[in-house]
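Reading the structure
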Amino acid sequence: MRIPAILAGARSRRAAGAALIAAFGLAASACAGGGSTAATAGSSSSSSPLPTVSGPVTITFQEVYGTKSQLATLTKVVDAFEKQNPNITVQLQASSNYTALFEKEDAEVAAGSTPTIGMAYESYAQSWATAQKIVPIKDLAGSNSPAELSTFYTGVQNDLKLSDGNLWMWPLGKSLQLQAINQTQFTAAGITSAPTTWDEWASDLEKVAAKEKTSNAKFAGITLYPQGSGETLFEEIAATYGGQLYTAGGTPQFTSADAVKALKFLQTEKANGAVAVGGSTTDLYPGEDALTGGSGAEDITSSAGVTYEAAPKGDTLEFAALPGDSMMAGANLVVYSTATPQQRAAAWELLQYLAGPSAQATWAEGIGYYPVTAQALSSMDASYLAANPWIQQTIGNLNTAFVDPPFGWATACQLDLQTAVSSALSGSDAASALQTAQSDCASKKSAES
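Overview of the structure. As the structure is a prediction and not an experimental result, all values here were calculated from the model.

**Re the state of the cysteines**
The final tally for this structure, using the stated rule, is one disulfide. Between the sulfur atoms of Cys-413 and its disulfide partner Cys-441 the distance amounts to 2.1 Å. The S-S bond linking Cys-413 to Cys-441 shows a torsion near 100°; that makes this disulfide right-handed. Within this pair, whereas Cys-413 is found in helix α18 (residues 408-425), its partner Cys-441 is found in helix α19 (residues 430-448), the two being separated by 28 residues in sequence. Each of the two residues, Cys-413 as well as Cys-441, counts as buried.

Listed below in structure tokens is the structure:
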């Protein structure tokens, strides 16, 4: 059975983010106390390292990996950590999905009864840091740039910082957007290699669609869902053109020339038959369905969603990097301020272990995320890497991957962008659709500032 993103915990942060907005009515930003204010909690705390664990200590870890394979992998990693650190006991507290996880964490933050370690998307961490509910990494490691930081891919390093430029989060695993390609159909159309530019991408899909339509009038190169893959793809194309949709401070700039160009590009490819629109609240993955059913040559998926993709029987499925910048997903880890000094010391030991090569290799093989360091690749099973060549071929894109800024309104503005993409792909003027999204997003930002 296919598990939607909000339940799977490891497929698509973008789909999960939209569901969280609907579920909480912007709860993530409501506790921020002003989204434009930089996180300052802990900024006056001592930067001296905490003492090492001096005796038995128990820490709690609230996570979202409760499904069978995910739980088995996390349990394996934690058991190995406890074996190396016999004075530390880790109690896992699983939630069934991200909605339940963040709802529980928000309630615990309000009640002052938080666990030791939790998981957070950037906007949640921003709000909790502003409210002084989590501690900065420097209060755990004695430095804002601990030695391990330099081993992470550059995009991962950047993602761990909040609006004050300081390190507040620690990684567990990351995913990137990928192309899932029916290579049999591409080869039949005379295409033997993955595109390296968006123009090539469009040309390739047009060629495949033109050939396949002779036997399947409903064929389209790729089917996008504006409330999911379509909006994400729009942001990625705009970023490749040079148009980040937000300033560093979170101000939306949806009406930039590059953003308009990106949306017009998708409109053109819809008109040319390369792109189709599908999906609904009950079908979040129409591109996946089209690829599996043979009515689409490609789907945009994530590294954590590779196992859900399939080509028709007898066809060859391959995975490739996007021909431009990719958005990165994967919740980070935070340590709550209610933790005692000994619990903080133990939490830092666990965070360091989880980011180490051995744990990262185990995590990547069991969950489907990329490891966050190049060193972890050498610890991964050679047969696993051979069976999944896309990992080594695409993992370097973690250096240039990006995320939206860590503000509640930026998460909420996904809905505005989704509406703009949907409207434009339904025939509305691209610039006008983005102007409406810009105005709506600016209002959300103003309301929280």
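**As for helix α6 (residues 122-130)**
Counting buried positions along α6 gives nine out of nine residues, so the element sits mostly inside the fold. Among the residues of α6, those classed as buried are Glu-122, Ser-123, Tyr-124, Ala-125, Gln-126, Ser-127, Trp-128, Ala-129 and Thr-130. Immediately downstream of α6, the backbone of Gln-132 shows phi near 60°, a positive value.

**With respect to the packing of α18 against α19**
At a minimum axis separation of 9 Å, α18 and α19 run at an interaxial angle of 165°. Classified by the interaxial angle, the pair formed by α18 and α19 is roughly antiparallel. In terms of crossing hand, the pair formed by α18 and α19 is right-handed. Touching Gly-408, Trp-409, Ala-412, Cys-413, Asp-416, Leu-417, Ala-420, Ser-423 and Ala-424 of α18 are Ala-430, Ala-433, Leu-434, Ala-437, Asp-440, Cys-441, Lys-444, Lys-445 and Glu-448, all from α19. For the contact of α18 with α19, the class distribution of residues is eleven nonpolar, two polar and five charged.

**A few points about the pairing of strand β4 (residues 175-182)**
With eight of eight residues buried, β4 lies mostly within the body of the structure. Here β4 shows no split at all, with Ser-175, Gln-177, Gln-179 and Ile-181 on one side and Leu-176, Leu-178, Ala-180 and Asn-182 on the other all buried. As paired strands, β4 and strand β9 (residues 328-329) are joined by two bridges and run antiparallel to one another. For Leu-176, the partnering residue across the bridge sits in β9 and is Met-328. Pairing geometry for β4 and strand β7 (residues 296-302), over five bridges, is antiparallel. Bridging from a neighbouring strand, Leu-178 pairs with Thr-301 of β7. Strand direction decides the pairing type here: β4 and strand β8 (residues 317-321), joined by five bridges, are antiparallel. Note that in β8 the partner of Gln-179 across the bridge is Ala-320.

Conventions adopted
- Every chain begins its residue count from 1, and numbering advances along the sequence as written.
- With the structure being a predicted model, the display of local features is reserved for residues of pLDDT at least 70 and the display and counting of side-chain atom pairs for 80 or more, all residues being used for whole-chain, interface and lining totals.
- Hydrogens are left out, water is left out, and the side-chain values use all remaining heavy atoms of the structure.
- The disulfide criterion is simple: two cysteine sulfur atoms within 2.5 Å.
- Under the scheme used here, helices are H or I runs from DSSP no shorter than 4 residues and strands are E runs no shorter than 2 residues, and both carry numbers assigned from the N terminus.
- Accessible area is worked out with a 1.4 Å probe on protein chains only. A residue is then buried under 20% of its type maximum, exposed over 50%, and partly exposed in between.
- All axes here are fitted lines through C-alpha atoms, helices being fitted over the stretch that makes contact, and every angle between N-to-C directions spans 0 to 180 degrees.
- Oblique is the label for every angle not falling under 35 degrees (roughly parallel), over 145 degrees (roughly antiparallel), or within 65 to 115 degrees (roughly perpendicular).
- Whether a crossing is left-handed or right-handed is set by the direction in which the near helix is turned from the far one by less than a right angle, anticlockwise for left-handed and clockwise for right-handed.
- Two residues qualify as a contact provided that any one of their heavy atoms is within 4.5 Å of a heavy atom in the partner residue.
- All amino acids are sorted into three groups, where Ala, Val, Leu, Ile, Met, Phe, Trp, Tyr, Cys and Pro are nonpolar, Asp, Glu, Lys and Arg are charged, and the leftover types, Gly among them, are polar.
- Here, any two strands with at least 2 DSSP bridges between them count as paired.

Purely spatial values, then, with no claim about function.
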